[in-house]
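# Close look at the chain arrangement
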Amino acid sequence: MVRRKRDLPSSNVGVWPLRLLLFKLMFMSGAVKIQANCPTWLQFTALEYHFATQCLPGPFAWNAHQLNPTFLRCSVFATLLIEIVLPFLLLLPFRDMRIIGAKLQIVLQVLIILTGNYNFFNLLTIILCLPAMEHDAFSRIQFKYSRICRFLVQTVTFIFIFWFAYNAVSIKKVSPLDGETHGVFDLEWVLAKEFMEGFVNVGVSIAFGLAFLFNLISFLRDATTGSFLQFDATARATICSLFIAFISIPFLSLGYQIRNETFQSTLTAIYPSFHHLQKMHLINGYGLFRRMTGVGVNTHLSNEWGWAGRPPSVVARPEIILEGFFDGKWEEINFRWKPGPVHLRPKQVAPHQPRLDWQMWFASLGSYHHNPWLIQLMDKILEGCVPVLNLLDDDRLSLGKKPSQVRALLYEYDFTRINSTWNRRIPEVVFDGNKNILQAPVWKQVLRVPDTYWTRKLVKHYTPAIERNNTSVRTFLKHNGFTKSCKN
């Protein structure tokens, strides 16, 4: 009799490395935010900058940017809780608790997708959540005290989560200002640095141990039940154990926090092999949004002027704007996806990855000396190089009109604002809409489509103006390894 495919036994060995991989992604993403001592994360103001300063804002980023700062600060705390504490649910032997942890991770990724463009990163993270929801041998194990053990583990886990949440944040009510009828609440991260060092140290060791232990138990089950050949079960367990060890090595990049001798000695023993794999970029650490960019300087107002006693959240997103000299005047050269003209709404581009627009954001954080490819781009625009022009969104260039010169300017961008109590506390903001719109209820202003999305001010010339066939430009490009050829 032929055995049907659904009757074939399945091994649970392979799911534990995937669960640990998801744990590593989320835990390191959260831990580095606290480790970096960035004030925007420690004071929960990061989202008051994030929507406007991320690489490529999404279509709903403007609307999210207008939300009440108290709500945004609570959202920052929820994000840190999901990234630092709740990933441990993904490594528990109980499916119902893993499902809770996985669903919360999925909710976070969906919210990121709605407000930003991060190619297929968020979709891959959601896919990594699926192994955590699968049935496995541990979900079906029944013994005399199994229900009591499950209840105790679940109770201890949730008590720790609530204890961590209660002790990690300080909530205080701030007195009303400027004739307001009620006060507001302020939040701040208060867990001591020493506690977080110990938490990272113990947490990483526990995660590594759980994944390795349950992988071993799954192997013993496969080997003793007779469902798999002895060699087959051993090979599966060996490969997955090595995978668990290799993907755990980037935890050492958290630095001095990782002090567990057993954990360090285990990973150090295989580090030479890891070094060779690292050259192929197969195993890496994660440090998403370690520090918030685009934080403006508040120089002329007291801290009490901002929302809930914090300094005003002044957004200063650096943005490079290219200009071409057409018919005797400088005119802006438009890109397809990145912010440019202030009236254009941010576009949805994910899961596609527009590398040029993405790299323009990173270039704005430095100088053209560290980004020589930008000079190459400007030179190709002057030449009318078709493959390069196809990356842009400019009708003049597409029709064959060439500028005589090209230059790069550095601006500081911010979203326009609705007329709300919290936005009126931020200096030099620009409100969008006419008088009737600005007098509408706040929720209507948040949900509407604005006439102008951005406001900007010139900071400096990022590069000098360059001309076609400029000798100094040729020398600069040659020195940095760029060639003149353009294959149209």
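Residues numbered from 1 in each chain as written. Predicted model: local features only at pLDDT ≥ 70, side-chain atom pairs only at ≥ 80, totals over all residues. Heavy atoms only, no water.

## Some details on the nonpolar core
Phe27, Ile84, Phe164, Trp189 and Leu254 are the most contacted members of the largest nonpolar core, which totals 77 residues. Leaving out residues up to four positions away in the same chain, Trp189 has contacts with Ile34, Leu42, Phe44, Leu80, Ile84, Phe164, Ala168 and Met196. (Core = buried A, V, L, I, M, F, W, Y, C linked by side-chain atoms within 4.5 Å. Buried < 20%, exposed > 50% of the residue type's maximum accessible area, 1.4 Å probe, protein only. Contact = heavy atoms within 4.5 Å.)

## A closer look at the pattern of salt bridges
One pass over the full model with this rule turns up 17 salt bridges. Taking the shortest distance from any N to any O, the salt bridge between Lys338 and Glu319 comes out at 2.9 Å. Here Lys338, found in the loop between strand 4 (329-332) and helix 14 (355-363), pairs with Glu319, found in strand 3 (residues 317-326); they are 19 residues apart in sequence, far enough to count as distant. An identical accessibility class is assigned to Lys338 and Glu319; each is buried. Across the pair Glu428 and Lys457 runs a salt bridge whose closest N-O atoms are separated by 3.8 Å. Linking Glu428 in the loop between strand 5 (405-415) and helix 18 (435-438) with Lys457 in strand 6 (residues 454-461), this pair joins segments that are 29 residues apart in sequence. Taking the relative accessible area as the measure of exposure, Lys457 reaches 44% and is therefore partly exposed. (Salt bridge = Lys/Arg side-chain N within 4 Å of Asp/Glu carboxyl O. Helix = DSSP H or I, 4+ residues; strand = E, 2+ residues; numbered from the N terminus.)

## Observations regarding the packing of helix 1 (residues 15-35) against helix 7 (residues 121-129)
Two measures define how a pair of helices packs: the angle their axes make with one another and the distance between the axes. Axis separation between helix 1 and helix 7 bottoms out at 9 Å; the angle between their running directions is 135°. Compared by their axis directions, helix 1 and helix 7 come out oblique. As helix 1 packs across helix 7, the resulting crossing turns out to be left-handed. Two secondary-structure elements touch here, helix 1 through Leu18, Leu21, Leu22, Leu25 and Met26 and helix 7 through Phe121, Thr125, Leu128 and Cys129. For the contact of helix 1 with helix 7, the class distribution of residues is 8 nonpolar, 1 polar and no charged. (Axes fitted to C-alpha atoms, helices over the stretch in contact; angles between N-to-C directions. Parallel < 35°, antiparallel > 145°, perpendicular 65-115°, else oblique. Left-handed = near helix turned anticlockwise from the far one by under 90°. Nonpolar A, V, L, I, M, F, W, Y, C, P; charged D, E, K, R; others polar.)

## Some details on the side chain of His65
With respect to the element layout, His65 can be found in helix 4 (residues 61-65). Not counting residues up to four positions away in its chain, the partners in contact with His65 are Glu48, Phe51, Ala52, Val315, Asp414, Phe415 and Arg417.

## Some words on helix 6 (residues 95-115)
Compared with the 30 Å implied by 1.5 Å per residue over 21 residues, the 31 Å span of helix 6 between its first and last C-alpha is a close match. Residues Met97, Arg98, Ile99, Gly101, Ala102, Gln105, Ile106, Leu108, Gln109 and Thr115 constitute the buried set of helix 6. (Expected span 1.5 Å × (residues − 1).)

## Concerning the pairing of strand 5
Both faces of the sheet carry side chains from a regular strand, because those side chains alternate between them. Of all 11 residues in strand 5, 9 are buried, a share of seventy percent or more. The pairing of strand 3 with strand 5 spans 8 bridges and is classified as antiparallel. Bridge pairing links Ile320 to Leu410 in strand 5. Examined bridge by bridge, strand 5 and strand 6 share 7 bridges and lie antiparallel to one another. (Pairing = 2+ DSSP bridges.)

## A word on the packing of helix 15 (residues 372-383) against helix 20 (residues 471-479)
Viewed as axis vectors pointing N to C, helix 15 and helix 20 meet at an angle of 135°, and their least axial separation amounts to 10 Å. As the angle between them shows, helix 15 and helix 20 are arranged oblique. For the pair helix 15 and helix 20, the crossing hand works out as left-handed. On the side of helix 15, the interface is formed by Pro372, Ile375, Gln376, Asp379 and Glu383, while helix 20 contributes Val473, Arg474, Phe476 and Leu477. When the residues that make up the contact of helix 15 with helix 20 are grouped by side-chain class, the tally is 5 nonpolar, 1 polar and 3 charged.

## Looking at the packing of aromatic side chains
Within this structure, the stated rule accounts for 26 aromatic pairs. Taken together, a centroid distance of 6.1 Å and an interplanar angle of 50° make the contact between Phe160 and Phe164 tilted. Placement of the pair is Phe160 and Phe164 together in helix 9 (residues 146-168), with a separation of 4 residues, close to one helical turn. By way of ring pairs, the aromatic residues Phe23, Phe27, Phe44, Phe77, Phe88, Phe160, Trp163, Phe164, Trp189, Phe195 and Phe199 are connected into one cluster. Positioned above the aromatic ring of Phe60, the side-chain terminus of Arg345 is 5.5 Å from the ring centre. (Phe/Tyr/Trp six-rings, centres within 6.5 Å; stacked < 30°, edge-to-face > 60°. Lys NZ or Arg CZ within 6 Å of the ring centre and 35° of its normal.)

## Structural notes on helix 15
The end-to-end C-alpha separation of helix 15 is 17 Å, in line with the 16 Å expected for 12 residues at 1.5 Å each. For helix 15, the buried fraction is high: 11 of the 12 residues fall into the buried class. Within helix 15 the residues assigned to the buried category are Pro372, Leu374, Ile375, Gln376, Leu377, Met378, Asp379, Lys380, Ile381, Leu382 and Glu383. Immediately downstream of helix 15, the backbone of Gly384 shows phi near 80°, a positive value.

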